[in-house]
Amino acid sequence: MNAAMDPREAVLKRHRKGLVQVYTGNGKGKTTAAFGQALRAIGQGCRVLVIQFMKGRKYGEFLAAEKYLPNLAIRLSGLDSFVMRDNPAPLDIELARQGLDLARQAVLSGDYDMVILDEINVAADFKLIPLADVLALIRDKPAGLDLILTGRYAPPEIIALADTVTEMREIRHHYNAGVKDRAGIEY
Ligand code: ATP
Ligand code: MG
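What you see is a predicted model; the values in this text were computed from it and never measured.

Draft legend 1. The coordination of the magnesium ion (ligand 2), seen in detail. In this structure, Thr31 (OG1) and Glu119 (OE) serve as the protein donors to the magnesium ion (ligand 2), at separations of 2.0 to 2.1 Å. In this pair, Thr31 is assigned in helix H2 (residues 30-43) and Glu119 in the loop between strand S4 (114-118) and helix H5 (120-125), connecting sequence segments 88 residues apart.

Structure follows, in structure tokens:
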């Protein structure tokens, strides 16, 4: 087969410029939108890494990737417990910083075509990680790499660097009608 037929190469050729995308806002759908983008990229032969800040549990996407998607790597970089905005546990901070170090290595490694930093906006807003380091990561990314940042409270400095910013706005959420977290919907 001609090397030019390799689907990943074809995608990379089309990808003259890697994009920075931000999914923020208080409505449901930010993390799942990012994973939808990952699925699309994987289907086109791209190598994708997701780092999940402030999460310590294997959500459905993680379980699906383990089972069916070898080109989708997911790393958890948090605890499976609520982070207190004004009083985060030292381990919350430590794990978030490890996640940021991993993100920087991954972004600069050339091993991935797309890197998704799930909930990193929240980690920056809660000051678990320095905002300046996130901005540096965005600025230093290789030109062809697609970078996606999710989470509520995206700082304006991150928004300013993004090519695409989508705000999920809550119109209604089933949680407010008393519907509990559900496997396959929330996690
Ligand atoms: P999802 O992971 O379903 O795409 P999300 O990433 O937009 O949601 P987060 O802000 O990361 O949402 O919150 C994670 C959890 O909170 C999810 O279980 C989600 O269903 C729930 N959630 C999201 N938006 C709301 C809301 N407006 N009210 C209550 N719960 C919400
Ligand atoms: Mg989310």
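Draft legend 2. Structural view of the sheet that holds strand S3 (residues 72-77). Across the sheet, which stays open at both edges, the six strands sit in the order S3-S2-S4-S5-S1-S6 with parallel pairing between neighbours. Looking at strand neighbours, the two that pair on one side only are S3 and strand S6 (164-167), the edges of this open sheet. Neighbour-to-neighbour, the strand axes of the sheet open up by a mean angle of 15°, direction not taken into account. Pairing geometry for strand S2 (residues 48-53) and S3, over six bridges, is parallel. By the bridge assignment for S3, Gln52 is matched with Leu76. Contacts from helix H4 (residues 90-109) reach S2, S3, S4 and strand S5 (146-150), with the element oriented near 165° to S2.

Draft legend 3. Quick peek at the site of ligand 1. Neighbouring ligand 1 are 13 residues, the closest being Lys28, Lys30, Thr32, Arg152 and Glu170. Gly27 is positioned such that a nitrogen or oxygen atom in its backbone is 3.3 Å from an oxygen atom of ligand 1. Arg152 places a side-chain nitrogen or oxygen 2.7 Å from an oxygen atom of ligand 1. Protein contacts shield 83% of the accessible area of ligand 1, which totals 580 Å² for the unbound molecule. Classifying every residue of the shell around ligand 1 gives one nonpolar, six polar and six charged.

Draft legend 4. Just the pattern of salt bridges, in detail. In this structure the tally under the stated criterion is eight salt bridges. The partner of Lys55 in a salt bridge is Glu119, and the shortest N-O contact between them spans 3.2 Å. Residue Lys55 is found in the loop between S2 and helix H3 (60-68), and its partner Glu119 is found in the loop between S4 and H5; the two are separated by 64 residues along the sequence. Residue class for Lys55 comes out buried when judged on its relative accessible area of 8%. The exposure class of Glu119 is buried, given its relative accessible area of 15%. Each of Lys55, Asp118 and Glu119 takes part in salt bridges that share partners, so that together they form one network.

Draft legend 5. Up close: the layout of surface pockets. Roughly 1,400 Å³ of internal volume is contained in the largest pocket. Every residue lining the largest pocket is counted, 39 residues in all, and those nearest its centre are Lys55, Tyr59, Glu119, Arg152 and Glu186. Listing elements by their share of the lining of the largest pocket, those giving two or more residues are H2 and H3. Top contributing element to the lining of the largest pocket by residue count: H2, with three residues. For the lining of the largest pocket, the per-class residue count stands at 14 nonpolar, 13 polar and twelve charged.

Draft legend 6. Spotlight on helix H6 (residues 131-140). Of the positions making up H6, those classed as buried are Val134, Leu135, Leu137 and Ile138. The buried residues of H6 occupy one face: seen down the axis, they fall within an arc of 155°. Opposite the buried face of H6, at more than 90 degrees from it, the exposed residues are Ala132 and Arg139. On its buried face, H6 sits against strand S1 (20-24), H4, S4, H5, S5 and helix H7 (156-161).

About the criteria used
- Residues numbered from 1 in each chain as written.
- Chains lettered and ligands numbered in written order.
- Predicted model: local features only at pLDDT ≥ 70, side-chain atom pairs only at ≥ 80, totals over all residues.
- Heavy atoms only, no water.
- Donors = N, O, S within 2.8 Å, 3.2 Å for Na, K, Ca; no water.
- Helix = DSSP H or I, 4+ residues; strand = E, 2+ residues; numbered from the N terminus.
- Pairing = 2+ DSSP bridges.
- Axes fitted to C-alpha atoms, helices over the stretch in contact; angles between N-to-C directions.
- Contact = heavy atoms within 4.5 Å.
- Near = heavy atom within 4 Å.
- Polar contact = N/O pair within 3.5 Å; in protein donor to acceptor, adjacent residues only side chain to side chain.
- Areas by Shrake-Rupley, 256 points an atom, 1.4 Å probe, with all protein chains shown as cover.
- Nonpolar A, V, L, I, M, F, W, Y, C, P; charged D, E, K, R; others polar.
- Salt bridge = Lys/Arg side-chain N within 4 Å of Asp/Glu carboxyl O.
- Buried < 20%, exposed > 50% of the residue type's maximum accessible area, 1.4 Å probe, protein only.
- 1 Å grid on protein atoms, 1.4 Å probe; cavity = no way out; pocket = protein on both sides within 12 Å on 5 of 7 lines; lining within 4 Å.
- Points joined across faces, edges and corners; volume = space filled by probe spheres on them.
- Arc of directions from axis to C-beta.

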